[in-house]
Amino acid sequence: MPFPRDTRKLNSEAEQYMKVLDGEVPLWVPRFGAMANPEIGRPAASTGLFSSAIPRGERRDDGKFTDMWGVTYVPTVETGGAALPEPNNFILDDIRKWRDIIKAPDLSDVDWEMQTKRDFDAVTERVGDISQYVVSFGTHVGYFQHLMNFMGFTNGLVAMYEEPDEVHALFEYLSDFYCGMYDNQLRYWGDMIDVVGITDDTATEKNPFVSPEMFRELVKPYHARLGKYAQDRGIHAMMHNCGRCEDSIDDWIDYGVDSWNPAQVSNDLDGIMEKYGNKMVLIGCWDSQGPVGWPHATEEMVREAVRETIMHYGKGGGFMFWGSVYGPIGDEETENKRRWMQEAYDAYREAPYK
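Since the model is a prediction, treat every value here as computed from it, not as a measurement.

Caption draft 1: Representation of the side chain of arginine 31. Tracing the chain through its elements places arginine 31 in the loop between α1 (13-21) and β1 (46-49). As a buried residue without a salt bridge, arginine 31 has its nearest oppositely charged side chain in glutamate 13, at a separation of 5.7 Å. Among the polar contacts made by the side chain of arginine 31, one reaches the side chain of glutamine 342 at a distance of 2.7 Å.

Caption draft 2: Structural view of the pairing of strand β7 (residues 195-199). Note that strand β6 (residues 134-137) and β7 share two bridges and pair parallel. In the strand pairing of β7, serine 136 is matched with valine 195. Bridge count between β7 and strand β8 (residues 236-240): five bridges; the pairing is parallel. Counterpart to threonine 199 in the pairing with β8 is histidine 240. Handedness of the β-α-β unit built from β7, helix α7 (residues 212-233) and β8 comes out right-handed.

Caption draft 3: Summary view of the sheet that holds strand β2 (residues 58-59). Reading across from one edge, β2-β3-β4-β5 is the order of the four strands in this open sheet, with antiparallel pairing throughout. The two strands at the open ends of the sheet, each matched to only one other strand, are β2 and β5 (83-85). Pairing of strand β3 (residues 65-66) with strand β4 (residues 72-75), which is carried by two bridges, proceeds in the antiparallel orientation. Within β4, the position partnered with phenylalanine 65 by the bridge is tyrosine 73.

Caption draft 4: Local environment of the packing of aromatic side chains. Applying the stated criterion to the full structure yields 21 aromatic pairs. Between phenylalanine 120 and tryptophan 189 the ring centres are 6.2 Å apart and the planes differ by 45°, which places this aromatic pair in the tilted class. Taken together, the residues span a long stretch of sequence, with phenylalanine 120 in helix α3 (residues 112-127) and tryptophan 189 in helix α6 (residues 164-189) at a distance of 69 residues. With a relative accessible area of 1%, tryptophan 189 lands in the buried category.

So, how was this worked out
Sequence positions are assigned chain by chain, starting from 1 and proceeding in written order. For a predicted model such as this one, the threshold for reporting local features is a pLDDT of at least 70, and the threshold for listing and counting side-chain atom pairs is 80 or more; totals across whole chains, interfaces and linings nevertheless cover every residue. Here the side-chain values reflect all heavy atoms present in the structure, with hydrogen atoms and water set aside. A run of H or I in DSSP counts as a helix once it spans at least four residues, and a run of E counts as a strand once it spans at least two, with each numbered from the N terminus. The classification of residues rests on relative accessible area computed with a 1.4 Å probe and restricted to protein chains. Under 20% of the type maximum is buried, over 50% is exposed, and intermediate values are partly exposed. His is not counted, nor are the chain ends; Lys and Arg add positive charge and Asp and Glu add negative charge. Put simply, a salt bridge is a Lys or Arg side-chain nitrogen that is within 4 Å of an Asp or Glu carboxyl oxygen. Polar contacts here mean pairs of N or O atoms no more than 3.5 Å apart (in protein, one a potential hydrogen donor and the other a potential acceptor; neighbouring residues in sequence count only if both atoms are side-chain atoms). In this description, strands pair whenever DSSP reports at least two bridges between them. By convention, a crossover is right-handed whenever its connection, traced from the first strand over the helix to the second and viewed with the strands pointing away, goes clockwise. Only rings of Phe, Tyr and Trp enter the pairing, Trp through its six-membered ring, and a pair is recorded when the two centres are within 6.5 Å. The plane angle decides the type: under 30 degrees is stacked, over 60 is edge-to-face, the rest tilted.

From the geometry alone we can't say anything about function, so treat these as descriptive.
Quick look at the structure:
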């Protein structure tokens, strides 16, 4: 089901998005993702493909959700409904016992060609003409993050220090499962994919959870297996990693990453832009914990923060805007902030290039 890339409309949202990923200067600062309700502003330029062959787990009436590995998640007001592992309810307390607890779903009887057709129909129903979007493909939260979800941070970090061979074995098992799914899915998606997404939150706001040496030893090899899908196809790889994780940028580049979200302000973003230029696209650069995120932030404050962010990071390319405001679902103040943010983006997105 491949489609020719030259079918994308000139001067479209997707074209500007791809210009930035290709290291070129766009006509305006692209927007990475949705910031407000769909009816506010232009549609996002990108869409994701997800394999429906992967079991989605079980969602309960109380809002809790149990994933295919058995981890239970709880939505929180502070994260706008996003779910976090339920405290003190971890499924693995001894890394040496992971083989008894962690069981990958059996996908041996999946008709991948038929499954891909269904997934294509589903994304087409959602967005319309998929050829007018930048298409990304990714499917899991990351190896480090899986371990922490299974064990909690205390036991998970201790396991990485005391039992690195067992952590390697677990990550190898997870990687074989996910890469097997990638092999089958990409056999049929083929040329439709623009970006391979790699996800792992390996840092706090202040510093990484583990040393660069431990990251390279225990985590990087499994990220690199995912990055190879992009490298083999000559397409882009995008890293999602929250917190102050700039220490890992050179490692990301080793396995093909050329863009990073959400590129939070706890990193030396100016120094990163100076060092890497447009070779590492920064997505976000938004102070989500600053004054705009505080209760009762004014409309003027929100709009000015958007303008400052776009003007500061937008010159010369290498940047996509992605702002966020968190609050209870349906909260009027939160929805107003998101609307002001979207309207300000629309007003200033071209300003750095005029």
